[in-house]
Amino acid sequence: MGTISTPPVKQSPAKTIRPSERMAAQAALSSLIARVCAARVLREHHIWEAVRILPEIAGLPDDIKQLPEFRRLMEKEAFTAALRLLAQSCQPARDIRDLDPQGDHWVATLSVRSALSQPRRRKLLRAEHRDPPAAVLIALLSSTIRKARPFVHRRRKNAAVQKEFGNE
């Protein structure tokens, strides 16, 4: 009787998980902002990490990665144009208002469109960096940071107090 030989089992290499993939979205956001600020120039992997984080915190569609226009811009290394597309795809949409040189830095000004109920209010953010696309990415990422509102103690109207204590 012969023995049956089986081909060796191919084991796939273990998937490498970056620390930022295990972080909560806000922690990953803070980490990415710090790394972009420290970088000399913006690199493609910074944008891809932003694309991974932004759907959860900025309403960016998950399928933006497959959008042919976005992929074409990334292949051309047209990072500012790709970031403009990302900004416009977020909910609420963001607009890159200005990208101006100031000395040896570039200043990006980004506005966040407000909800439909408040058409005239816009939140403006400014970020600066030596690399123009990096300034744009920092402004875009900063626009997603949620600031905690301070607790405002409101005085109850006298009528409400009187009703509560039964002194109508």
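Note that this is a predicted model, so its numbers are computed, not measured.

(A) Quick look at the overall build of the protein. Along its length, the protein carries seven helices and three strands. Traced from its N-terminal end to its C-terminal end, the protein shows the element sequence α-α-α-α-α-β-β-β-α-α. Long-range contacts, defined as pairs at least 24 residues apart, comprise 48% of the intrachain contacts of the protein with a sequence gap of at least 6. For the protein, the exposed area adds up to about 12,200 Å²; of that, 51% sits on carbon and sulfur atoms.

(B) Representation of the pairing of strand S2 (residues 105–113) in the model. Two strands pair when backbone bridges link them, and strand S1 (residues 94–102) and S2 are joined in this way by eight bridges, in the antiparallel orientation. Of the residues in S2, the one forming a bridge with Arg94 is Val112. As defined by bridge partners, S2 adjoins strand S3 (residues 122–129) across eight bridges and the pair is classed as antiparallel. Bridge assignment links Ser111 to a residue of S3, and that residue is Leu124.

(C) Up close: helix H6 (residues 132–142). By the criterion of burial, H6 is predominantly enclosed, with ten of the eleven residues buried. Turning to H6, its buried residues are Pro132, Pro133, Ala134, Ala135, Val136, Leu137, Ile138, Ala139, Leu140 and Leu141. The elements touched by buried residues of H6 are helix H2 (25–38), helix H3 (44–58), helix H5 (79–89), S1, S2 and S3.

(D) Focus on the nonpolar core. Ile47 and Leu86 are the most contacted members of the largest nonpolar core, which totals 40 residues. Contributions of two or more residues to this core are made by H2, H3, helix H4 (68–75), H5, S2, S3 and H6. It is H6 that contributes the most residues to this core, eight residues altogether.

(E) Representation of the environment of Arg94 in the model. Assignment of secondary structure puts Arg94 in strand S1. Along the chain, Arg94 and Ser111 lie 17 residues apart, while their C-alpha atoms are 5.5 Å from each other. In this structure Arg94 touches Ala58, Ala87, Gln88, Leu110, Ser111, Val112, Leu140, Ser143 and Thr144, once residues within four positions along its chain are discounted. Among the polar contacts made by the side chain of Arg94, one reaches the main-chain carbonyl oxygen of Pro92 at a distance of 2.5 Å.

(F) Main features of the environment of Pro132. Inspection of the secondary structure puts Pro132 in helix H6. Between the C-alpha atoms of Pro132 and Phe79, which are 53 residues apart in sequence, the distance is 9.3 Å. With residues up to four places along the chain from it excluded, the contact list for Pro132 reads Leu99 and Trp106.

(G) Molecular detail of the packing of H4 against H5. Following both chains from N to C, one finds H4 and H5 inclined at 155 degrees, their axes separated by 8 Å at the closest point. As judged from the angle between their axes, H4 and H5 are roughly antiparallel. In the crossing of H4 with H5, the sense of the turn from one axis to the other is left-handed. The residues of H5 that touch H4, namely those facing Glu69, Phe70, Leu73 and Met74, are Phe79, Ala81, Ala82, Leu85 and Leu86. Among the residues making up the contact of H4 with H5, the classes are represented as eight nonpolar, no polar and one charged.

Criteria and cut-off values
Residues numbered from 1 in each chain as written. Predicted model: local features only at pLDDT ≥ 70, side-chain atom pairs only at ≥ 80, totals over all residues. Heavy atoms only, no water. Helix = DSSP H or I, 4+ residues; strand = E, 2+ residues; numbered from the N terminus. Contact = heavy atoms within 4.5 Å. Areas by Shrake-Rupley, 256 points an atom, 1.4 Å probe, with all protein chains shown as cover. Pairing = 2+ DSSP bridges. Buried < 20%, exposed > 50% of the residue type's maximum accessible area, 1.4 Å probe, protein only. Core = buried A, V, L, I, M, F, W, Y, C linked by side-chain atoms within 4.5 Å. Polar contact = N/O pair within 3.5 Å; in protein donor to acceptor, adjacent residues only side chain to side chain. Axes fitted to C-alpha atoms, helices over the stretch in contact; angles between N-to-C directions. Parallel < 35°, antiparallel > 145°, perpendicular 65-115°, else oblique. Left-handed = near helix turned anticlockwise from the far one by under 90°. Nonpolar A, V, L, I, M, F, W, Y, C, P; charged D, E, K, R; others polar.

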